[in-house]
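These are the residues of each chain, in order.
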Amino acid sequence: KTLKQGGTFVVEPRRLSKASAELRARGFGEITIPPSTETAEKQASRCTDCGVPFCQNACPLQNNIPDWLRLSAENEPREAWRVASLTSTMPEICGRICPQDRLCEGSCTLNQSGWDAVTIGSVEAWLGDQAFANGWVEPIRPAAERGETVGIVGAGPAGLAAADRLRSEGYQVVVYDRHDRAGGLLIYGIPGFKLEKHVVQRRVDRLIDGGVQFVLGCEVGKDVTLTELRDRHDVVLLAMGVYQPRILSAPGRGPDSTVAALSYLTHQNRRDLGDAEQDGWHEARGKRVVVIGGGDTAMDCVRTAVRQGAASVTCLYRRDRENMPGSAREVVNAEEEGVVFEWLAAPKALLSQGDQVTGVRAARMQLTEAAPGQRRDIVPVPGADFDVPADIVIEALGFSPEPFAAHEPDLRLRDDGTIKVGSVSFATSLPGVFAAGDAVRGASLVVWAVREGQDAAAEIDRYFKTRTEEVAA
Ligand code: FAD
Ligand code: SF4
């Protein structure tokens, strides 16, 4: 774990290799260079087995990190993989895209004591890739088939995680999605430079091989109603995410003057997946791009624009760097790739000539002193407005739930439109209908969607088994 040099112990340095910014800008492949077996084992061996697994506590899946790090360090990757897959249905995906700086690695004892954290995410992704390459990923083969059927609305990480667990228990699982591919935001939101698409597809293929049925191009509420699904299945799980983009409220914003972040990212993801170019797909080559927002979606847009060959890329965020919602790691990546950040810059108006947007007028903001227990507020600096020229303005201001409930008036929602569920049972107000993922939590993280999908599956299993016992009694 530690090396003794000149009478003192030193910790092995952290090593996480990325492609150079120049190379990254040329394509949409993942920027992280997978570690060699030697590097992965060495990184795993940096874990000090501190006794209080802060990393595990900070992981939404409560992954048994110290154990699979130890097994990796001891050259037992297959066993490490088995431990990693006990708590997670997609370790290799979370290992790639979790904001580890805010989760497991942020809590690593090494990090807390001034050394750089163990590269937990990178070792997790490496284990997953080893497992797929060496045939250690077990197929889904239920010990016994069960007659009950579950319809899952949404093939994102929440729906896929639930499908994995339910099918493994022998239930008949059908996943409905309005898109033509399964994966949700893993396939059409998150760009390939964070998560290559074949990594998602091999998970979907495993589910298909295990007997999960996918009905794609099927929008619940349009092509089939929730009532019909409830008639068709014993249980329905709603896992349809949140997709209503929040829009900029500023003078000069016309219906076509901005581009919605998710359409922009979806078009590029479709190109990466080999789909034929369609009229109206957005592209930033040679253009000056301004992205408004400070979350993961904004970071993905600015970095996509760099790779498309934009003339310039500027990110406007109304708060400062410390208060932005996106991962600090992604900001560093974007800066390395040439993105200009205007912190404390709130869009005030869109500038245009005729139908063509020409720029964004922004107010320079400053932080106020925080009231006790409150977050610092922001106020404009008088007379400090400035203009940023733009040919494309991308809005990445977050998402709200779509008005899905209109199709079932008895489905209870919270005030923000997310679905109200029992905090442990995942049961909605409709009998036999459960919900999980962003549709319940609001826009969140993949790892939370996986956790909720798995937990909801366990609750659905319990629901069926209790019902069987009640009928038998
Ligand atoms: P989704 O992934 O949104 O899947 C929902 C599925 O339901 C979709 O496939 C959709 O087509 C389908 N659907 C919706 N309505 C219907 C309907 N009526 N009928 C049929 N199907 C329907 N998280 C991270 O942890 N790390 C990241 O780096 C990260 N980057 C992100 C980047 C972007 C651009 C975005 C938008 C989000 C990002 N997130 C990230 C958040 C993460 O992607 C989500 O929290 C996660 O995907 C939520 O999973 P879910 O299964 O609940 O929903
Ligand atoms: Fe860390 Fe995410 Fe993996 Fe948990 S799932 S160990 S938080 S990378």
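Below: a short report on this structure. A quick note: this is a predicted structure, and the numbers were derived from the prediction, not measured.

In the region of ligand 1, 35 residues are neighbours, and Ile97, Asp177, Lys194, Tyr243 and Asp438 sit closest. Separating an oxygen atom of ligand 1 from a backbone N or O atom of Ser444 is a distance of 3.2 Å. If ligand 1 stood free it would expose 990 Å²; the protein chains cover 97% of that surface. Elements represented by at least two residues in the shell around ligand 1 include exactly helix H10 (157-168), strand E4 (172-177), helix H15 (296-308) and helix H18 (446-472). A total of three residues in the shell around ligand 1 trace back to one element, the largest contributor, which is H15. The residue makeup of the shell around ligand 1, split by class, is 19 nonpolar, nine polar and seven charged.

Under the definition given, this model contains 38 salt bridges. For Glu74, the salt bridge is made with Arg70, and the minimal N-O distance between the two is 3.6 Å. Glu74 sits in the partly exposed class, given a relative accessible area of 46%. The class for Arg70 is partly exposed, based on a relative accessible area of 37%. Two residues, Arg303 and Glu330, come together in a salt bridge whose shortest N-O distance is 2.5 Å. On the criterion of sequence distance, the pair formed by Arg303 in helix H15 and Glu330 in helix H16 (residues 328-336) is long-range, its members being 27 residues apart.

Let us now look at the sheet that holds strand E10 (residues 312-316). Spatially, five strands are ordered E8-E16-E9-E10-E11 in an open sheet, and the strand pairing comes out parallel. Two strands lie at the open edges of the sheet, namely strand E8 (259-260) and strand E11 (340-342), each paired on one side alone. Where strand E9 (residues 288-292) meets strand E16 (residues 392-395), four bridges bridge the pair, whose relative direction is parallel. Its bridge partner being in E16, Val290 is matched across the sheet by Val393.

Each value, and the rule that gives it
Residues numbered from 1 in each chain as written. Chains lettered and ligands numbered in written order. Predicted model: local features only at pLDDT ≥ 70, side-chain atom pairs only at ≥ 80, totals over all residues. Heavy atoms only, no water. Near = heavy atom within 4 Å. Polar contact = N/O pair within 3.5 Å; in protein donor to acceptor, adjacent residues only side chain to side chain. Areas by Shrake-Rupley, 256 points an atom, 1.4 Å probe, with all protein chains shown as cover. Helix = DSSP H or I, 4+ residues; strand = E, 2+ residues; numbered from the N terminus. Nonpolar A, V, L, I, M, F, W, Y, C, P; charged D, E, K, R; others polar. Salt bridge = Lys/Arg side-chain N within 4 Å of Asp/Glu carboxyl O. Buried < 20%, exposed > 50% of the residue type's maximum accessible area, 1.4 Å probe, protein only. Pairing = 2+ DSSP bridges.

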